[in-house]
Amino acid sequence: MQEILSTNSELLVLISGFLIIAIAANQIARVFQKIRLPLITGLIFTGIIAGPYIIGLVPETAKVNLQFINEIALAFIAFAAGSELYLSELRSKIRIIKVHSIMQSVVGFVTGSILVYFLTGYMDFAAGLSFEHRLSIAMLSGVLFLAPSPASVIAVANELRARGPFTKTILGITMSKDFIVVILFAVVLSISKSISNGYALGVGDFLTILFELAFSFVVAFGVGKLLHLILKIGRRKWLKMLLILVLGLLNYTFSHYFKDFSSELIGHEIYLEPLLICLIGSFYITNYTKYRPEFLRLLKDMAPYVYVFFFTLTGASMNLTVIGQVWVITLILFGIRLVTLILGALSGHFITKDPVENIRVGWMPYVAQAGVALGLVTVVGREFPTWGNDFATISISVIIINQIIGPPLIAHAITFLGENRSKGSGYEDDGIKDAIIFGFESQSVALANQLRDNGWEVQIATRLQEGSIDEPEGIKIFYGLKNFEKEEFDAMNAHKTEAIVTMLSDEENLKICETAYHHFGTRDLIVRLNHRYNYDKFLSLEAKVVDPSTAIVSLLDHFVRSPQATSLLLGMAKGQDSRDIEINNSDIHGLPLRDLRLPGDVIILSIIRGGQTIITHGYTRLRIKDIVTVVGSIKSLDQVQLKFEK
């Protein structure tokens, strides 16, 4: 009894210590993000430092005693992979996705397995092994080479606001390849375990593998149903998250139990692949229930916590002695994987007859590796005690290289094919307030005149031809708009324009906003909306949207509830106005608002800094390039503007 209590006490201390290390790793890893390295690289690096080979905060026994953390994380990774395989979003590209996924998997697996088998003769840990063990290492490496990182592709695509056929296709391929990899891994793992244990493969072994897959699908359906029940619980978010993680751990526990039970019952281990079960269960929720949005939100909220523990423990479990001995092999394996990816992508492009531009960069989005690949490596390390740990350490080193190099390659491929829609940086501040209004009508002319009265230089752009309208006095007109392409914007000096106002159809307005956002990063995009269902499209481009159908009601509501403030902000109060002023005076950089000497009738309402709005107080400090919203008399505002822009 005393020994049990002592063991439990030691485990509790180990868990508590690792919890502190994981929290620290999360903070340290953010430094890696600042130098444009992936977060997981920082977590793994911190784990290595804290591990038994450097500082020793995490002992070697942690790999065994904290195995349950790995299993929870692996189940979560499989849930996340399955949730991304949403059929409704893939149907339009299903043939291309299917061809590329199959060809990349077949060509990549065969090529990778053959090349790695010949390389095993030069690996210290594998050189003396039997043919069967070396073949197992080669086949498992071939599977690992296939594993992509849907999370990296999604993250880069979101960051670049990427849209287009190439982006949609690579998203579908990475998700479907994840599914293929997990199934193929289950098959190869069973074969490798059999031949490594000295069993000759026969018909019975293949029937056993088919039974394992079939039964895994049955269990996966049950897991999907249990996930469904969990998601039906009321608004108890944290309870749902906890139950999802517990379900993942129970899935691994059942797999271990069933393996031991089958060994005792029939004398042969039947292994149910937990990753496959979790992936299929998640796939069921995503495609055949109404809970996909909530399931995605829960997974997104859990991900930071799960990944911190998993990747930190992964780093702490790495054998630095092996890494120091095999760094050359690591680089060779990385090169072999690139070869398999290029050959696999070329074979797919050859069948689908993709454009030449796609062929040149078509392999790049699949270089990145993360969760699923690391999960599979962990399984190999556990299932093959003689050489699994050395294999896992080398494989993790390759994965880290892939994860560092992969995201920039994804971004390059998307940008090369013209599907990068990230905010441009072409805006140049010339010190003059400029605005372009798209659309010629009475409201646009009235707006132009009002802006001119407030010191703005304004031009109106229209599809009309010169001579077809009476030009308003003092307003420049740009005639003959056609496709709203960058060349037309260049002719209007859009790179020096602070604000663009669109008053055309929603389709035309969206095209204008996309061009301005993507090429120039125009500071303010103001849109007059025609149909409410297009609101989110403009909002995603950081545009300020005016909906005429609700604007009047909203304005009247504000007049009723706060007439003085509304009159003031609209410039209707006599002698009063509001103004946005950019801070360019280095003398007031860093000063708190309470130390500024401003006219007594001036109030600073808010500050926009880095795209974020800050509600001010006396201790708020000003910074260069802040945009300050100020209310007061026109005379006082002129003084403040002179002071801030000096």
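These notes cover the structure that comes with them. (Residues numbered from 1 in each chain as written. Predicted model: local features only at pLDDT ≥ 70, side-chain atom pairs only at ≥ 80, totals over all residues. Heavy atoms only, no water.)

## Concerning the overall build of the chain
We apply this condition: The way it works is that DSSP assigns letters per residue, a run of H or I at least four long becomes a helix, a run of E at least two long becomes a strand, and they are numbered from the N terminus. The cut-offs for exposure are 20% and 50% of the maximum accessible area for each residue type, with area from a 1.4 Å probe on protein chains only; residues under the lower value are buried, those over the upper are exposed, and the others partly exposed. The contact definition used throughout considers only heavy atoms, calling two residues in contact when any of these lie within 4.5 Å. For this count, His and the chain ends are skipped, Lys and Arg are scored as positive, and Asp and Glu as negative. Where a charge lies is defined by one atom per residue type: Lys uses NZ, Arg uses CZ, Asp uses CG and Glu uses CD.
Across its full length, the chain holds 24 helices and 10 strands. Here the chain, with 646 residues, has 51% of them falling under the buried criterion. Looking at the chain alone, contacts between residues at least 24 apart form 73% of all its contacts between residues at least 6 apart. A gap of 3 Å separates the mean positions of the 56 positive and 57 negative side-chain charges of the chain.

## Focus on the sheet that holds strand 9 (residues 612-615)
Quick note on the threshold: The pairing criterion is simple: DSSP has to find at least two bridges between the two strands. Helix axes use the C-alpha atoms of the stretch in contact, all axes being lines fitted to C-alpha atoms, and the angles between their N-to-C directions lie in the range 0 to 180 degrees.
Across the sheet, which stays open at both edges, the four strands sit in the order 7-10-8-9 with antiparallel pairing between neighbours. In this open sheet, the two strands that pair with only one neighbour each are strand 7 (576-582) and strand 9. Adjacent strand axes in the sheet meet at a mean angle of 25° when their direction is disregarded. The pairing of strand 8 (residues 603-609) with strand 9 spans four bridges and is antiparallel.

## As for the sheet that holds strand 1 (residues 434-438)
The strand order across the open sheet formed by six strands is 3-2-1-4-5-6, and the pairing between neighbours is parallel. Bordering the open sheet on either side are strand 3 (476-478) and strand 6 (544-546), each of which pairs with just one other strand. When strand polarity is set aside, the average angle formed by the axes of neighbouring strands in this sheet is 20°. Of the strands in this sheet, strand 1, strand 2 (457-461), strand 4 (499-502) and strand 5 (524-528) are in contact with helix 18 (residues 442-453), which crosses strand 2 at around 165°. Of the strands in this sheet, strand 1, strand 4 and strand 5 touch helix 20 (residues 506-520), which is tilted by about 175° from strand 5.

## Notes on helix 24 (residues 634-645)
Residue pairs spaced three or four apart in an α-helix point in one direction, given the helix's 3.6 residues per turn. Condition: Take the residue count of a helix, subtract one, and multiply by 1.5 Å to get its expected span.
Over its 12 residues, helix 24 extends 16 Å from the first C-alpha to the last, a length consistent with the 16 Å expected when each residue adds 1.5 Å. The inward-facing, buried residues of helix 24 abut strand 7, strand 8 and strand 10 (627-633).

## Digging into a nonpolar patch on the surface
Here is the rule we go by: Patches draw on residues past 30% relative accessible area with no salt bridge. Two like charges within 9 Å are joined, as are two nonpolar side chains (Val, Leu, Ile, Met, Phe, Trp, Tyr) within 5 Å. Accessible surface area values rest on a Shrake-Rupley calculation with a 1.4 Å probe, where residue burial reflects the displayed protein chains alone. For salt bridges, the criterion is a side-chain nitrogen of Lys or Arg within 4 Å of an Asp or Glu carboxyl oxygen.
Together, Ile102, Val106, Val110, Ile114 and Phe118 make up a nonpolar patch on the protein surface, roughly 470 Å² of accessible area in all. Here Ile102 is to be found in helix 5 (residues 94-119). Relative accessible area serves as the criterion here: at 43%, Ile102 is assigned to the partly exposed category.

## Notes on unusual backbone geometry
Despite not being glycine, Phe484 shows a phi value in the positive range, around 60°. Residue Asn493 is not a glycine yet carries a positive backbone phi of 55°. For Asn493, the position within the fold is in the loop between helix 19 (486-491) and strand 4.

## A few points about a negative patch on the surface
Taken together, the side chains of Glu428, Asp429, Asp430, Glu457 and Glu645 make up a negatively charged region of the molecular surface. By the element assignment, Glu645 lies in helix 24.

## Points about the packing of aromatic side chains
Note the following rule: Within 6.5 Å between ring centres, the rings of Phe, Tyr and Trp (the latter by its six-membered ring) count as paired, and their orientation is classed by plane angle as stacked under 30 degrees, edge-to-face over 60, tilted in between. Note on criteria: charge over ring means Lys NZ or Arg CZ within 6 Å of the ring centre, with the direction from the centre no more than 35 degrees off the ring normal.
Following the criterion strictly, the structure yields 18 aromatic pairs and no others. Aromatic pair Phe258 and Phe261: ring centres 6.5 Å apart, planes at 40°, arrangement tilted. Taken together, the residues span about one helical turn, with Phe258 and Phe261 both in helix 10 (residues 237-266) at a distance of three residues. Among the aromatic residues, those joined into a ring-pair cluster are Phe211, Phe215, Phe254, Tyr257, Phe258 and Phe261. Lying over the aromatic face of Tyr117, Arg134 brings its terminal NZ or CZ to 4.9 Å of the ring centre. Directly above the ring of Trp238 sits Lys237, whose terminal nitrogen or CZ lies 5.6 Å from the centroid.

## A short note on the side chain of Ser347
Tracing the chain through its elements places Ser347 in helix 14 (residues 327-352). Not counting chain neighbours up to four residues away, the residues in contact with Ser347 comprise Met103 and Val107.

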